[in-house]
Amino acid sequence: MASMETVIPCVLMRGGTSRGPFFLGDWLPADPVQRDQLLLSAMGSPHALQVDGIGGGNTLTSKVAIVSRSTRPDCDIDYLFAQVSVDRATVDTRPNCGNMLSGAAPFAIDEGLIPARQGVTPVRVHNVNTGAIIEAVVQTPGGHLTYEGDARIDGVPGTAAPVRLNFLDAWGAVTGKLFPSGLRQETVDGVAVSLIDAAMPMVLMRASDFGLRGDETPAQLDADTALLERMEPIRLEAGRRMGLGDVSQSVIPKPVLLAPSDSTGGLALRSRYFTPRACHRSHAATGAVGVASAFLMPGTVAHDCGGPAVQTGYRSVRIEHPSGAMDIDVELDPASGVVRAAGLVRTARKIMKGLLYVPGHYVLAGAQRNQEVRAAA
């Protein structure tokens, strides 16, 4: 009797404060419907514990990265991010994920898509989800990739090699505009919001408008069902105003609650980032880029939380989140005063590589390679 399972290579990696399987594009079905069905089965969704797959029962550990040689002449690799729902049979490829992105370039070097240079290797990444281009600078001492180093990021134990992410053109990448509605601040359902598309489409709101301080723990916020029920209609209307249509089955735009920081050193603000129906245990990297950018631009809800006077050039903004903080370097355009570039440091780690067994037969893009993998298994 013929086997009714599919065997494919899989690399499990931590990227920033997220974790999930990384695949080369030709390891998966070319057809998006088949691909998404395979990913749901691989992660064990829908199930609260994802016990029949490799998902971790949390949105931060139910993420997938798909990497290929770039179809664009100005980029090295294509990176497609997939958010696999834990408790629903849905796969969302509309958002980006900056944390998983930090593993894309090291993975590509490891799998031979890009040769490692002496010292550091810059990799131009085309984010297929949004069309944005990000430069990832990977540590390659002696021309060899390393995951070991002294960089430390809040939300992850220990240290690792730094991966510098420079967001070059992520402004309006999904909706076409930095402020999709044309306004820096408006009212949705009686709440002041800023609808911004800066590395990630988000709905920025003041925590105080919900009777919160902004320093609540994710557990406290997740247990506040009234808060979650209050924010979801705002998010849905924000999606319509941003030109995203019906976002009830999408994870974008992401709701974010902001508050002034108690810090006296440098530019900082508190942020609680939702994914969107639960509070992030730390903070999305793309979300932090957008929040920091809004913080520097007058008129936004973020700027109302202690933002500084306009100043061109790079400025460092500290985003305080439940697991610590994240420092974002933002450059404003001297002519327009809006964000031109932003960057931050993340880390990544290769956890394991092996063969993934998925129930059912799938037609893979690299059919010949899959036959060889099956024979080896």
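Residues numbered from 1 in each chain as written. Predicted model: local features only at pLDDT ≥ 70, side-chain atom pairs only at ≥ 80, totals over all residues. Heavy atoms only, no water.

Going by the annotation in an unreviewed UniProt entry, the name recorded for the chain is Isomerase YbhH, with Achromobacter kerstersii given as the source organism. Quoted verbatim from the Sequence similarities (unreviewed entry) field of the UniProt record, the comment on the chain reads "Belongs to the PrpF family." (UniProt positions renumbered as here; feature names shortened; annotations may be inferred.)

Chemist: For this particular structure, what's the right way to read the environment of R270?
Modeler: Tracing the chain through its elements places R270 in strand β13 (residues 267-273). Overall, the relative accessible area of 12% leaves R270 in the buried class. In this structure, the C-alpha to C-alpha distance between R270 and R235, residues 35 residues apart in sequence, is 20 Å. Separated by 3.2 Å, the side chain of R270 and the backbone oxygen of R213 make a polar contact. (Helix = DSSP H or I, 4+ residues; strand = E, 2+ residues; numbered from the N terminus. Buried < 20%, exposed > 50% of the residue type's maximum accessible area, 1.4 Å probe, protein only. Polar contact = N/O pair within 3.5 Å; in protein donor to acceptor, adjacent residues only side chain to side chain.)

Chemist: Looking at this model, I keep getting lost on the nonpolar core. Mind explaining?
Modeler: One broad rule of soluble globular proteins: the nonpolar side chains tend to lie buried together. Core analysis: the largest hydrophobic core is formed by 87 residues, its most contacted members being F167 and I328. Structurally, this core is a two-domain feature, drawing no fewer than three residues from each of domain 1 (5-170 + 348-376) and domain 2 (186-337). Grouped together as the second largest cluster of nonpolar side chains are 21 residues, M205, A207, L221 and M231 included. (Core = buried A, V, L, I, M, F, W, Y, C linked by side-chain atoms within 4.5 Å. Domains from an automatic or database assignment.)

Chemist: How should the pattern of salt bridges be read in this particular structure?
Modeler: If charged atoms from side chains of opposite charge come close, those side chains can pair. A full pass over the atoms with the stated rule returns 20 salt bridges. A salt bridge links E232 to R235; the shortest N-O distance between them is 3.0 Å. One end of the pair is E232 and the other is R235, both in helix α4 (residues 225-241) and three residues apart, which spans about a single turn. One exposure class covers both E232 and R235, and it is buried. The network of salt bridges with shared partners includes E186, E237, R240 and R241. (Salt bridge = Lys/Arg side-chain N within 4 Å of Asp/Glu carboxyl O.)

Chemist: Looking at this structure, how should I read the domain arrangement of the chain?
Modeler: A common way to state how big an interface is: give the accessible area lost once the parts meet. Domain assignment breaks the chain into domain 1 (5-170 + 348-376) and domain 2 (186-337). Taking only C-alpha atoms into account, the centre of domain 1 sits 26 Å from that of domain 2. Listed per partner, the contact involves 18 residues of domain 1 and 27 residues of domain 2. Contact between domain 1 and domain 2 buries roughly 1700 Å² in total, counting both sides, with carbon and sulfur atoms accounting for 51%. Sorting the residues of domain 1 by area buried against domain 2 places R88, R94 and D154 first, and these three jointly supply 29% of that buried surface. Residue R164 pairs with D329 through a salt bridge whose shortest N-O separation is 3.3 Å. For the pair domain 1 and domain 2, the interface holds 10 residue pairs in polar contact (both at pLDDT 80 or more). At the level of elements, α2 (98-110) and β8 (162-167) are the ones that each hand at least two residues to the side of domain 1 that touches domain 2. (Contact = heavy atoms within 4.5 Å. Buried area = accessible area lost by both parts, 1.4 Å probe.)

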